Amino acid sequence: MIDQFINFVIRPPRAEYNPDQYLWEAEFTLAGRKYKRHDLELQNGRGHTLKCSHYVPSTFPENTPLPCVIYCHGNSGCRADANEAAVILLPSNITLFTLDFSGSGLSDGDYVSLGWHEKDDLKIVVSYLRSNPQNSCIGLWGRSMGAVTSLLYGAEDPSIAGIVLDSAFSNLFNLMMELVDVYKIRLPKFTVKMAVQYMRRVIQKKAKFDIMDLNCTQVAPKTFIPALFGHGTEDVFIQPHHSDIIFNSYAGDKNIIKFEGDHNSARPQFYYDSVSIFFYNVLHPPQISLSLSKKLDKYYDLGDLKVGGGMDESLLYEIITGLRTVGTDAASSSSAPPCISNATVPTTKSVGELLSESGGAFADVMESLVYQGNGMVEMEGNDGDEPPHLQDKANGQSEECCSYSSSNRESWGRCSSLGGTDEESSSADCTRSSISRHQMALRALATPLRKMQRKSSNLPSKEKKKVPPVPKKAKREKFEKLEALSQRLRRLCLSKRKHKRHLSS
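Sequence order as written defines residue numbering, which begins from 1 separately in each chain. Owing to the predicted nature of the model, reporting of local features is limited to residues with pLDDT of at least 70; listing and counting of side-chain atom pairs is limited to 80 or more, with chain, interface and lining totals taken over all residues. Think of the side-chain values as coming from all heavy atoms in the structure, minus any hydrogens and water.

Chemist: Account for the pairing of strand E2 (residues 33-43), naming residues and giving values.
Modeler: In this analysis, strands are considered paired if DSSP registers two or more bridges between them. A run of H or I in DSSP counts as a helix once it spans at least four residues, and a run of E counts as a strand once it spans at least two, with each numbered from the N terminus. Note: strand E1 (residues 27-30) against E2, four bridges, orientation antiparallel. Bridge pairing in E2 places Thr29 opposite Lys34. Linking two consecutive strands that pair antiparallel, namely E1 and E2, is a turn of two residues; a positive phi of about 55° is found at Ala31 within it. Where E2 meets strand E3 (residues 49-57), nine bridges bridge the pair, whose relative direction is antiparallel. Looking across to E3, one finds that Gln43 is bridged to Thr49.

Now the structure itself:
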């Protein structure tokens with residue numbers, strides 16, 4: 001039984017997996033942007049080859065290095081544990097580096113050391129990242145054994161910008177004594193202590209580290225890196241008071257979050273939101289606006305659109321406010337925190353400015369109106385004046401619609417679930433429908449208005465001055481159409497808001 005307990009510490013079940021099946025694809029789309037997985041190998045000081053992956057944007061912004069977070073997996077874990085971290089960090093312009101520690105996953109090594117030798121593996125990774133000018137500041141995100149690894153390394157490298165410590169143990173010897181009670185090993189206390197001393201000697205001989213040296217309470221008072229602690233309230237393997245002990249002795253800026261769940265359960269969304277905000281504040285990722293949003297703002301030019309005399313402009317402000325709220329609700333809650341409030345719309349902005357800010361939500365509403373045969377302006381056929389990169393914008397919108405279907409992995413939890421089956425993706429159908437819908441919306445919003453402006457500028461000056469009188473009947477019909485349009489917009493806003501909230505949840 002003692003040998004089994006020794007293997008439980010230094011030789012737990014090893015995660016065996018296929019990287020092409022359980023990691024994100026080599027190229028994938030997330031939140032409307034394209035990313036790639038760069039696999040590489042590093043060698044630690046003991047001669048072991050470490051299997052690593054770096055998730056980065058497909059195209060790095062020019063002269064703008066991006067911060068990086070290194071994800072450190074737990075005992076019996078592997079690189080696949082970082083899949084959920086990619087969803088949290090990549091949309092915030094933070095790259096993600098993950099590795100199989102020595103003795104874990106596909107890396108070399110026979111034994112794990114619960115953080116002692118793993119901190120040396122982490123040092124190799126940090127040195128590699130700092131040698132690349134495309135990387136700026138570095139953060140650490142560790143879980144269980146990875147949290148202890150991050151804390152031990154952070155005490156040696158104060159240049160780390162921030163660390164997230166999920167379910168760290170304070171002292172390995174105390175943890176082993178607690179596990180005797182958890183697993184109901186009925187032996188006298190002095191017998192257990194003698195057995196632990198025997199295990200200590202065996203582990204020193206095999207894994208080359210002393211279990212008495214794994215004490216986080218000795219390094220926490222000397223660490224000043226901003227830290228976010230997390231722990232499950234039902235965790236019986238590493239009980240929550242371990243995080244409390246480290247937290248109380250930690251010297252740097254700190255915060256702690258307790259949530260429902262055990263040691264291996266999926267973390268709640270509010271915890272991931274807190275992690276996203278924490279890294280956003282300590283890493284300061286650059287605010288790189290998407291080229292897609294720039295192009296859409298360019299073509300959603302409705303400055304010449306006049307509101308009819310029978311339509312109250314404040315009503316249109318209310319409608320646009322609802323559209324902006326829909327856009328905010330549709331965004332991922334794990335991305336960077338919003339910097340503006342959508343609760344109120346300043347009355348100093350014009351309707352055209354608000355429509356351009358409404359972006360994709362207004363396009364979705366307009367495309368519905370186009371399908372129903374309604375529009376604010378007369379539609380014209382495509383006479384070849386359409387800009388050639390409108391097709392790119394439609395493709396970009398379709399990629400955002402199918403952002404999560406490009407990677408249909410079941411391994412977002414712990415590596416113990418690597419045997420799950422893959423789900424079938426329907427990204428092709430979604431892409432085709434999104435392209436056609438957004439092309440129609442873009443034509444409705446952009447091309448006719450610009451064509452009308454060009455045509456009106458080519459007219460003789462005399463013809464421009466002549467404005468035919470508008471009969472009262474036409475005005476009344478126009479007023480009725482605008483009223484119907486406003487009602488449709490309101491209904492569509494409400495329905496889309498409910499639908500997108502359901503999808504985001």
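Chemist: Go over empty space enclosed by the protein with me, naming the residues and quoting the values.
Modeler: Grid points spaced at 1 Å and placed over the protein atoms alone form the basis of the search, with a cavity being a set where a 1.4 Å probe fits but cannot get out and a pocket an open set showing protein on both sides within 12 Å along at least five of seven lines. Lining residues have an atom within 4 Å of a point. Grid points are joined across faces, edges and corners, and a volume is the space filled by probe spheres set on the points. Using the criterion set out here, one finds two cavities of 30 Å³ or more in the structure. Counting only elements with at least two residues in the lining of the largest cavity, the list comes to helix H1 (2-10) and helix H6 (172-182). The greatest single-element share of the lining of the largest cavity, amounting to four residues, is contributed by H6. In this model, the second largest cavity occupies a volume close to 40 Å³. Along its surface, the second largest cavity is lined by Tyr71, Glu84, Trp141, Arg143, Asp166, Arg267, Tyr271 and Tyr272. Put simply, the parts of the chain that give the lining of the second largest cavity at least two residues each are strand E6 (135-143) and helix H10 (269-283).

Chemist: Report on a nonpolar patch on the surface, specifying residues and quantitative values.
Modeler: A contiguous nonpolar surface patch, about 350 Å² in accessible area, is contributed by Phe8, Val182, Tyr183 and Val236. Among the secondary structure elements, Tyr183 is positioned in the loop between H6 and helix H7 (189-207). Only protein chains enter the accessibility calculation, which uses a 1.4 Å probe; a residue is then buried when its area is under 20% of its type maximum, exposed when over 50%, and partly exposed in between. Relative accessible area serves as the criterion here: at 47%, Tyr183 is assigned to the partly exposed category. Like-charged residues within 9 Å of one another, or nonpolar side chains (Val, Leu, Ile, Met, Phe, Trp, Tyr) within 5 Å, are grouped into patches, provided each residue has over 30% relative accessible area and no salt bridge. Calculation of accessible area relied on Shrake-Rupley with a 1.4 Å probe; when residues are assessed, cover is drawn exclusively from the protein chains displayed. Throughout this description, the term salt bridge denotes a Lys or Arg side-chain nitrogen within 4 Å of a carboxyl oxygen of Asp or Glu.

Chemist: An account of helix H9 (residues 241-249) is needed here, citing residue identities and associated values.
Modeler: Turning to H9, its buried residues number three or more, namely His242, Ser243, Ile246 and Phe247. Projected down its long axis, H9 carries its buried residues within an arc of 130°, all on one side. The contact rule is simple, with two residues in contact once any of their heavy atoms fall within 4.5 Å. Turning to H9, the residues buried within the fold contact helix H5 (145-154), H6, helix H8 (216-219), strand E8 (227-232) and strand E9 (254-259). Directions from the helix axis toward the C-beta atoms define the arc.

Chemist: So what's going on with the confidence of the model for the protein? Which residues, and what values?
Modeler: Each residue carries a pLDDT score, the predictor's own confidence in it, on a scale running from 0 to 100. Model confidence for the protein is summarised by a mean pLDDT of 74, while 60% of its residues fall at 70 or above. In this model residues 290-313 is a low-confidence stretch, pLDDT under 50, and it forms 47 contacts with partners more than four residues away in sequence or in other chains. In the model, residues 365-438 has pLDDT below 50 throughout and makes 144 contacts with residues more than four positions away in sequence or in other chains.

Chemist: Report on the packing of aromatic side chains, specifying residues and quantitative values.
Modeler: Note on ring pairs: Phe, Tyr and Trp rings are taken, using the six-membered ring of Trp, and paired if centres are within 6.5 Å. Classes follow the plane angle, with under 30 degrees stacked, over 60 edge-to-face and the rest tilted. Scanning all chains against the criterion turns up 14 aromatic pairs. Seen from their ring centres, Tyr71 and Trp141 are 5.5 Å apart, and the 65° between their planes marks the pair as edge-to-face. One end of the pair, Tyr71, is in strand E4 (residues 66-72); the other, Trp141, is in strand E6, and 70 residues separate them in sequence. On the basis of relative accessibility, which here comes to 1%, the residue Tyr71 falls in the buried class. Aromatic ring contacts, followed pair by pair, group Tyr71, Trp141, Phe259, Tyr271, Tyr272, Phe278 and Phe279 into a single cluster. By definition here, charges over rings are those cases where NZ of Lys or CZ of Arg is within 6 Å of the ring centre and within 35 degrees of the ring normal. Stacked on the ring of Trp116, the Lys or Arg Lys119 has its end atom at 3.7 Å from the ring centre.

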